[in-house]
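# Structure at a glance
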Amino acid sequence: MWIFQSSGVYIYSPDGKTEKRFVPPEQVCPSDEPAYSGTGYNPSCRFYDIVSDGKKHVWAAVGRSASKIKVFDINTGSIVGAFETCKSPNKLEYHPLRDEVWVRCGDMADNSTETTILDVFSASSPSVNIQTDILVKEGVEGEGLSSRGLSVIDDTLGDIGYVTE
């Protein structure tokens, strides 16, 4: 059982009685990452969503200033990867047939010049930055639409998934 809080990541035995590992927030959101400087905002380490492949890794969308995807080893809790992603990663989904993690984006990615609908990462190589940005259709923003829609991923759909505007 995993618990993600601004005070760190706590990993417990399946029955919840024994703490197996604690990952301090300094490791998840290092102090060399600049905190958001806006007013009325707590610059703590924030978790937007978490997903696991059920085999080797736990993926967490985390933010302090720039949003990142942090990848934890499912057995040890060690951080084995970290990737930049869109500013508002509001949903993570593991696509088992493609062995990918799909990140549903709400805002433009820091590492992109265009608004993205979806960032896609390889789940089989979490230490290598293999990323695909799925862009918002041209003209969508001008029509008042955003990339805050839904994504649908399921084994029954084969190796494809769907996103809405």
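So, a few notes on the structure that sits alongside this text. (Residues numbered from 1 in each chain as written. Predicted model: local features only at pLDDT ≥ 70, side-chain atom pairs only at ≥ 80, totals over all residues. Heavy atoms only, no water.)

### Regarding the overall build of the chain
Scanning the chain for helices and strands turns up one helix and 13 strands. Overall, the chain shows an N-to-C arrangement of helices and strands of β-β-β-α-β-β-β-β-β-β-β-β-β-β. Scored against the burial criterion, the 165 residues of the chain give a buried share of 40%. A separation threshold of at least 6 residues defines the contact pool for the chain, and within that pool the share at least 24 residues apart is 39%. (Helix = DSSP H or I, 4+ residues; strand = E, 2+ residues; numbered from the N terminus. Buried < 20%, exposed > 50% of the residue type's maximum accessible area, 1.4 Å probe, protein only. Contact = heavy atoms within 4.5 Å.)

### Some remarks on the packing of aromatic side chains
Each aromatic ring pair is summarised here by two numbers: the centre-to-centre distance and the angle between the ring planes. Going through the model one piece at a time under the given rule, you end up with seven aromatic pairs. Between Y10 and F22, the aromatic rings sit 4.8 Å apart at their centres with planes inclined by 45 degrees, giving tilted as the arrangement. A residue pair is termed long-range when its members are at least 10 positions apart, and Y10 in strand 2 (residues 8-12) and F22 in strand 3 (residues 19-23) qualify at twelve residues. For F22, a relative accessible area of 33% corresponds to the partly exposed category. Chaining the aromatic ring pairs together yields one cluster made of W2, F4, F47 and F72. (Phe/Tyr/Trp six-rings, centres within 6.5 Å; stacked < 30°, edge-to-face > 60°.)

### Some details on unusual backbone geometry
Of note in this structure, D99 is not a glycine but carries a positive phi near 55 degrees. Structurally, D99 is set in the loop between strand 8 (89-95) and strand 9 (100-105).

### Regarding the sheet that holds strand 2
Sheet strands pair via backbone hydrogen bonds, and the direction of the pair is either parallel or antiparallel. Ordered by their spatial adjacency, three strands build an open sheet running 1-2-3, and the pairing between neighbours is antiparallel. With partners counted over all chains shown, the strands left at the sheet margins are strand 1 (2-5) and strand 3, one partner each. Mean inter-strand twist for the sheet, computed between neighbouring axes without regard to direction, equals 15 degrees. Relative to strand 3, strand 2 is paired through four bridges, and the arrangement is antiparallel. Residue pairing for strand 3: Y10 is matched across the bridge by F22. (Pairing = 2+ DSSP bridges. Axes fitted to C-alpha atoms, helices over the stretch in contact; angles between N-to-C directions.)

### Digging into a nonpolar patch on the surface
Side chains of V152, I160 and Y162 sit close together on the surface and give an oily, nonpolar patch of about 270 Å² of accessible area. By the element assignment, Y162 lies in strand 13 (residues 162-163). What makes Y162 partly exposed here is its relative accessible area of 46%. (Patch = residues over 30% accessible without salt bridge, like charges linked within 9 Å, V, L, I, M, F, W, Y side chains within 5 Å. Areas by Shrake-Rupley, 256 points an atom, 1.4 Å probe, with all protein chains shown as cover. Salt bridge = Lys/Arg side-chain N within 4 Å of Asp/Glu carboxyl O.)

### As for the sheet that holds strand 6 (residues 67-73)
The strand order across the open sheet built from four strands is 4-5-6-7, with neighbouring strands paired in antiparallel fashion. Among the strands making up the open sheet, the edge pair consists of strand 4 (46-52) and strand 7 (79-84). The average angle at which neighbouring strand axes cross in this sheet is 20 degrees, direction not considered. Sheet topology note: the strand 6/strand 7 ladder contains five bridges and is antiparallel. Paired with V71 across the strands is G81, a residue of strand 7.

### So, the environment of A123
Mapped onto the fold, A123 is located in the loop between strand 10 (116-122) and strand 11 (131-135). The spacing of A123 and V58 is 65 residues in sequence and 9.8 Å in space, taken between C-alpha atoms. Not counting residues up to four positions away in its chain, the partners in contact with A123 are H57, W59, Y94, D99, E100 and V101.

### As for the environment of A82
Tracing the sequence through the fold places A82 in strand 7. For A82, a relative accessible area of 43% corresponds to the partly exposed category. Remark: the alpha-carbon pair of A82 and K68, spanning 14 residues in sequence, is separated by 6.6 Å. Aside from chain neighbours lying at most four places away, what touches A82 is I69 and K70.

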